[in-house]
Amino acid sequence: MTGALRIGSIGSSASTRLLPRLLGRYHSRFPEIRLAVREIPEAEMAEALKTGNGRSRHNTRAG
């Protein structure tokens, strides 16, 4: 399986506490999937979801 998984996070709690462990396990099972986590304000996240624009200069590759 190949592709990309992009995750949006509102607030740093999930980004720093929960996601590293979960994404590490995910990457171990699916190493060909590119992972990206994006932490942005809620209003910007809502707009990105409405427009389908998940790209940002804030993207950080994980894994």
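For the structure itself, look to the data block above.
Residues numbered from 1 in each chain as written. Predicted model: local features only at pLDDT ≥ 70, side-chain atom pairs only at ≥ 80, totals over all residues. Heavy atoms only, no water.

A. Looking closely at the overall build of the protein chain. Assigned secondary structure in the protein chain consists of two helices and three strands. Moving toward the C terminus, one meets the helices and strands of the protein chain in the order β-α-β-α-β. Split into buried and exposed, the 63 residues of the protein chain put 21% on the buried side. Accessible surface for the protein chain amounts to roughly 4,800 Å². Of this, 51% is attributable to carbon and sulfur atoms. (Helix = DSSP H or I, 4+ residues; strand = E, 2+ residues; numbered from the N terminus. Buried < 20%, exposed > 50% of the residue type's maximum accessible area, 1.4 Å probe, protein only. Areas by Shrake-Rupley, 256 points an atom, 1.4 Å probe, with all protein chains shown as cover.)

B. How the structure looks around the nonpolar core. Grouped together as the largest cluster of nonpolar side chains are five residues: L19, L23, I33, L35 and V37. Those elements giving two or more residues to this core turn out to be α1 (12-29) and β2 (33-39). For this core, the element with the highest residue contribution is β2, accounting for three residues. Residues contacting L23, with those up to four places away along its chain left out, are I7, L35 and V37. (Core = buried A, V, L, I, M, F, W, Y, C linked by side-chain atoms within 4.5 Å. Contact = heavy atoms within 4.5 Å.)

C. Focus on the packing of aromatic side chains. Tallied over the entire structure, the rule returns one aromatic pair. Residues Y26 and F30 carry aromatic rings whose centres are separated by 4.9 Å and whose planes lie at 45° to one another, so their mutual orientation is tilted. We classify Y26 as partly exposed; its relative accessible area is 27%. F30 gets classed as partly exposed once you look at its relative accessible area, which sits at 24%. (Phe/Tyr/Trp six-rings, centres within 6.5 Å; stacked < 30°, edge-to-face > 60°.)

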